[in-house]
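Listed here are the chains, written in short residue letters.
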Amino acid sequence: AEGPSLDVGLHPLVILHISDHFTRNRVRSTPEQQSEPLLPLYGAVMGTQDGRSVELMNAFELKIVAGEEGLDEEFLKSKLEQCTKVTALFKLVLY
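Residues numbered from 1 in each chain as written. Predicted model: local features only at pLDDT ≥ 70, side-chain atom pairs only at ≥ 80, totals over all residues. Heavy atoms only, no water.

Topic: the side chain of asparagine 58
This is how it is decided: Numbering of helices and strands starts at the N terminus; helices are DSSP runs of H or I of at least 4 residues and strands are runs of E of at least 2. Between N or O atoms, a polar contact is any pair within 3.5 Å; within protein, one atom must be a potential hydrogen donor and the other a potential acceptor, and residues adjacent in sequence are included only when both atoms are from side chains. Should any heavy atoms of two residues lie within 4.5 Å, those residues are counted as being in contact.
Of note, asparagine 58 is situated in strand 3 (residues 53-61). A distance of 3.2 Å separates a polar atom in the side chain of asparagine 58 from a polar atom in the side chain of histidine 17. Sequence-distant contacts of asparagine 58, that is, excluding residues within four places in its chain, are made with Leu13, Val14, His17, Ala44, Val45, Met46, Cys83 and Phe90.

As structure tokens, this is what we get:
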């Protein structure tokens, strides 16, 4: 017997943001660095969830604190605040 399914809606803006973040990171690297593996990129996805139905609506980059193993929490809080001012329905869905 199959388990309950998950219904996911992926809006084009999320794909655009992820592609843009990746491309900008790649373009900023020097030609010597382009042959090396890219450093991991981190981002957050905003959207809505109603039970097992998830809509991924927007995304933004996350900053890593230099020399540490963590996120810049002030940057994250600021971006979340900005996003929820625009659309109060959106919540942080994943990062």
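Here the narrative resumes, following the displayed structure.
Quick look at the nonpolar core
The cut-off we apply is this: Take the buried residues of types Ala, Val, Leu, Ile, Met, Phe, Trp, Tyr and Cys, join any two whose side-chain atoms come within 4.5 Å, and each joined set is a nonpolar core. The buried label goes to any residue with under 20% of its type's maximum accessible area, the exposed label to any with over 50%, and the partly exposed label to all in between, with areas taken from a 1.4 Å probe on protein chains only.
Ala44, Met46, Phe60, Leu62, Leu76, Cys83 and Phe90 together form the largest nonpolar core, which totals 7 residues. Of all the elements in the fold, those that place two or more residues in this core are strand 2 (43-50) and helix 2 (73-86). Counting residues in hydrophobic clusters, the runner-up holds 5 residues, among them Val14, Val54, Leu56 and Ala59.

Some words on the environment of leucine 71
The topology assignment puts leucine 71 in the loop between strand 3 and helix 2. Among the residues examined, leucine 71 registers a relative accessible area of 25% and is labelled partly exposed. When the C-alpha positions of leucine 71 and tyrosine 42 are compared, they lie 9.0 Å apart, and in sequence the two are 29 residues distant.

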